[in-house]
Amino acid sequence: MSQVGWEKPKHPLKRKRSQRVQFITAGVVILVSLLYLLVSGTLQGARYFITVAEVLDDPAHRGRTLRVSGAVDGESIDYDSENAIIRFEIVHIPSQYDDLAQALHDALGDANAPRMKIIVEDAAIPDLLQHEAQAILTGALERDGLFHATELLLKCPSRFEESSPPEALGQIPEHN
Amino acid sequence: MLAELGLAALTLALAGALYAIAACLYSARTGERRWLQSGRNAALLTCPALLLATGALVVALLTEQYQLSYVYQVTDPGTPPLYRFTALWGAQRGSLLFWSLLMSCFICGAIGLNWRGERRLMPFCIPIMMASLAFFLCLSLFIENPFERWWILVDAPVEQQVVSSALIPPRAVPPTEANLRAGAEGMNPLLRHFGMVIHPPMLYLGFVGFTIPFAFALAALASGDLSNSWIRATRRWTLIAWLFLSLGLILGGRWAYDVLGWGGYWGWDPVENAAFLPWLVGTAFIHSVMIQEKRGMLKLWNMLLVIAAFSAVMFGTFATRSGVIDSVHSFARSEVGFPMLAFWAAMTLLALALLAWRWRGGALRDERQFASLLSRESLFVLNNVIFIALFVAIFWGSFGLPITSELFLGKEITIGAQTFEFYVVPLFVAMYILMGVAPLAAWGGMTAARLGGMLRIPLLLTALGVLGLTIGGTDLLVAALGYGVVLFAAIVGLCEIMRGVAARRRTLGENPLRAFVALFGRNQRRYGGYMVHLGVTVIGIGVIGSTIFQTEVQHTLDRGETVVIQDYALQYEDFVRAQAVDGRLMHIASLVVLRHGDEVARIRPRIDEYPQLPMSIAGAHSTLENDFYVLLIRGDRQRATFRIYINPLVNLVWWGGLLLILGTAIAAYPKVTRA
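Reading the values: the criteria
- Residues take numbers from 1 onward in each chain, read along the sequence in its written order.
- Labels follow written order: the first chain is A, the first ligand is 1, and so on.
- Selection of residues for local features in this predicted model requires a pLDDT of at least 70, selection of side-chain atom pairs for listing and counting requires 80 or more, and totals for whole chains, interfaces and linings are taken over all residues.
- Runs of E in the DSSP output that reach at least two residues are strands. Runs of H or I that reach at least four are helices, and both are numbered from the N terminus.
- When we talk radius of gyration, it's over C-alpha atoms, and the globule rule is simply 2.2 Å times the number of residues to the 0.38.
- Between the buried cut of 20 or more and the exposed cut of 12 or fewer other C-beta atoms within 10 Å of a residue's own C-beta lies the partly exposed class, and all C-beta atoms are placed from the backbone.
- Residues are defined as contacting one another if the C-beta atoms placed from their backbone atoms lie within 7 Å.
- Residues are grouped as follows: nonpolar covers Ala, Val, Leu, Ile, Met, Phe, Trp, Tyr, Cys and Pro; charged covers Asp, Glu, Lys and Arg; every other residue, Gly included, is treated as polar.
- Note on pairing: two strands pair once DSSP finds at least 2 bridges between them.
- Only C-alpha atoms enter the line fits that serve as axes; for helices the fit covers just the stretch in contact. Angles between N-to-C directions range over 0 to 180 degrees.
- One less than the residue count of a helix, multiplied by 1.5 Å, gives the span that helix is expected to have.
- The reported bend at a residue is simply the angle between two axes, fitted to the 7 residues ending at it and to the 7 residues beginning with it.
- Confidence of the predictor at the level of single residues is captured by pLDDT, which takes values from 0 to 100.
- Roughly parallel covers angles under 35 degrees, roughly antiparallel covers those over 145, roughly perpendicular covers 65 to 115, and oblique covers all other angles.
- Here a crossing is called left-handed whenever its near helix is offset anticlockwise from the far helix by less than a right angle, and right-handed whenever the offset is clockwise.
- Residue ranges labeled as domains rest on an automatic or database domain assignment.

**Some remarks on the overall build of chain B**
Assigned secondary structure in chain B consists of 20 helices and 14 strands. The globule rule puts the C-alpha radius of gyration for 675 residues at 26 Å, and the 27 Å found for chain B is close to it. A burial count over chain B gives 51% of its 675 residues as buried. For chain B, restricting intrachain contacts to residue pairs at least 6 apart in sequence, the fraction spanning at least 24 positions comes to 69%.

Next comes the structure, spelled out in structure tokens:
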């Protein structure tokens, strides 16, 4: 004959409470760790994304790691392939614009626009580094007056934006 | 003619989608089944209509109909036929149409396969899917129309004479064929790569695929049928979407590695990150959905994840297509930005409102509570926490920080790749550890001693592996630890597969190969999942090797000169200029790669000169051990400068990706049941 037994768990409420404490503790530890990771990472790595004029006008920006955007002056591009050093100049573009291609074009056409000399060391010359490209650089403006860039992102909007109506198409066919 | 056909088909698809929404909602209100059937038929009509519209655009691209301003924008007479076809997704307008076609294919598949089983959800499911489709069709018809043509307005001033319009303006004539052919702009050279042939379709399939689980989840919320029915219906669709999204991300990495010429494959660019975000949420959902199926838990959480995945897809689409984000991957600035943002916000708010309504009614209560920290469900939740933490960190760095700083400080603050790595490396370490521990834990809970016992052999093997690596020359502690963590997850996955094979051999007497095949056939999800884990570990090894041990140098060589880099030697042999059939001028350097004094490869890095910009195409000698990757910087027959990378284990990233895709395909493959 088989025996049927039912054992009442010891202090079930206590056990449940201790499990809840375990879950809450684990949750708090995870949350605090994640917050620490986010906050400390942001504090260490954050850099302002500003314009050329702002960098040049405010001495407080000198020596600080920044992100700067400007229009590339094609004539100033110089690549020292022996030492892998890129030098070029960027011209101030406003932080807000409707049409990037037009903003870049206008900036390079303005003889009075603020300009900044860039140096990128130990880098291959990017294919997109061309006249009227938008350069987005991370680095610092040093005492030598050069912006020493450690990251270089380029966009060539005039080449890839949706095409505006080409006037050359406007030659009316003779048969019409 | 093709433009008219395309426009008519697009309009028909939009009408079908709108009718389907109205008919199905009416059916939901009245319970009349014929309206539901009518709505379903209208929804099914969108697919052939969009096939027709897309077909018209493809024919226009292949037959050089340059009066269509899209064809004029993305091709020119020199474009090869393959790239004429892929030009369909080469710019905003064509790719939006293609996106809609893929979405309608997914929707038709979901309706066709789930019509019988999930009929109760259809009155809400179809309208949600059709609303998403209708939104993209509206973008194609009213903002980014691929069937617009160039017209010359006879009476207009010269500078306003040429317009692009879908309809024929009054007193307008078409430009001459000669002018159109001469002015055609051609494809962005960055897109002329095999990776670009298949990367965008895969990514789009992944993105649009998340519409299906989202629609079923919302239909469950709207209808009140909150059983596991919607999960059963959408589990496989989620896996399929996830598979394509994974494939799209891997191919995107490969494209960046081959085309962008910086020797890397992931740059923490905002657009890359925007595509990675839904993948992270989708991965969390694929894991947590198992807990709902097996334990009746996390019902609210799973709903939230499905909503978040779709919301991340819409946000990623906005980030890529609005052009507001600076990235090499983004489309040009477009008018679609604001409507997309509005649609994203509207759908997300609608979903959250429905969720809050059902939650308040108590319909999303879990059937069980978590019993132990050391249970499989608890570890799966921890896995979800890690994926969501990765999501939050990457979203914060890519979008949250720049937007909030701009709003509150008036200045945009950004972070770079190093900070992203600071965020994600500890989280990925935790993910790999969990990938090793969670499969060994039991549902419901187990003691620490028992779990420790199960971990003993994998940990021992991991320690031996790390010791072997250290003896073999991996002298960096960080790398050895990284390899150790990844190895641990891989060993657990392999041990689980081997245990399954051994069990079949023992009980059924099968030979090892048969037992292995049968194991995957009998329990596709579980063992497909292990294969995905193995793929992720192989990727992890590739990422650690290629990131920590990458070598990058630059040398200028005279013709015939040799330079030694580690155990390789590179000899500059020759330099030629040639013209390709599509008109581009190519500057090609020939180099001999030697290893330990023996010739192992001849490579030809080159620079292609397109009218828009030059393109550097790397020459590479690839082995499983490393990639010897060379870029031509500049040169002539006498002298040339090269950028040389040695990327250890980088090919494991692609092979691991293949394993991941194979595992997902096994897990998602429909099970054949014998009657």
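After that view, the rundown keeps rolling.
**A closer look at the interface of chain A and chain B**
Each partner contributes residues to the interface: chain A has 48 residues there, and chain B has 54 residues. Where the side of chain A that touches chain B is concerned, the elements lending two or more residues are helix H1 (12-45), strand E1 (47-51), strand E5 (134-141), strand E6 (146-155) and helix H4 (157-160) of chain A. Per-element tally for the side of chain A that touches chain B: the top contributor is H1 of chain A, with 11 residues. Of the residues contributing to the side of chain A that touches chain B, the split by class is 26 nonpolar, 12 polar and 10 charged. Note: E1 of chain A against strand E4 (residues 412-414) of chain B, three bridges, orientation antiparallel. Within E4 of chain B, the position partnered with phenylalanine 49 of chain A by the bridge is glutamate 412 of chain B.

**So, the sheet that holds strand E5 (residues 551-558) of chain B**
Residues and elements named next belong to chain B. What the four strands build is an open sheet, ordered E5-E14-E13-E12; its pairing is antiparallel. What marks the edges here is a single partner per strand, and that holds for E5 and strand E12 (619-622). The mean angle between the axes of side-by-side strands here comes to 20 degrees, regardless of whether they run parallel or antiparallel.

**Brief notes about helix H16 (residues 448-471) of chain B**
Residue and element names in this part refer to chain B. Counted at 1.5 Å a residue, the expected span for H16 with its 24 residues is 34 Å, and the 33 Å between its end C-alpha atoms agrees. The largest bend in H16 is about 40 degrees, located at arginine 456, with the proline proline 458 one to four residues further on. At the C-terminal side of H16, glycine 473 shows a positive phi close to 120 degrees.

**Points about the confidence of the model for chain B**
Taken as a whole, chain B shows an average pLDDT of 90; of its residues, 98% reach a score of 70 or greater. Predicted as a complex, the structure gets a pTM of 0.89 and an ipTM equal to 0.78.

**Regarding the pairing of strand E2 (residues 162-165) of chain B**
Residue and element names in this part refer to chain B. Side chains Val162 and Ser164 project from E2 onto a buried face, and the interleaved Val163 and Ser165 project onto a face without burial. Direction of pairing for strand E1 (residues 149-153) relative to E2: antiparallel, over a ladder of four bridges. Its bridge partner being in E2, tryptophan 151 is matched across the sheet by valine 163.

**A word on the packing of helix H10 (residues 229-259) of chain B against helix H11 (residues 270-295) of chain B**
Residues and elements named next belong to chain B. Orientation of H10 relative to H11, taken along the N-to-C sense of each, is 150 degrees, at an axis distance of 10 Å. Here H10 lies roughly antiparallel to H11, going by the angle between them. In terms of crossing hand, the pair formed by H10 and H11 is left-handed. On H11, the residues touching Ile231, Arg235, Thr238, Leu239, Ala241, Trp242, Leu245, Ser246, Gly248, Leu249 and Gly252 of H10 are Glu272, Ala275, Phe276, Pro278, Trp279, Gly282, Phe285, Ile286, Val289, Gln292 and Glu293. Its residues assigned to classes, the contact of H10 with H11 shows 13 nonpolar, six polar and three charged.

**Comments concerning the domain arrangement of chain A**
By the assigned domains, chain A splits into domain 1 (13-46) and domain 2 (48-160). If you average the C-alpha positions of domain 1 of chain A and of domain 2 of chain A, the two centres end up 42 Å apart.

**Side note on the sheet that holds strand E3 (residues 172-173) of chain B**
All names here are of chain B. An order of E2-E1-E3 is seen for the three strands of this open sheet, with the pairing classed as antiparallel. Each edge of the open sheet is held by one strand with a lone partner, namely E2 and E3. As defined by bridge partners, E1 adjoins E3 across two bridges and the pair is classed as antiparallel. If you follow isoleucine 152 over to E3, its bridge partner there is valine 173.

**Things to note about unusual backbone geometry**
Within the chain, glutamate 132 of chain A stands out as a residue other than glycine whose phi angle is a positive 70 degrees. One can find glutamate 132 of chain A in the loop between strand E4 (115-121) and E5.

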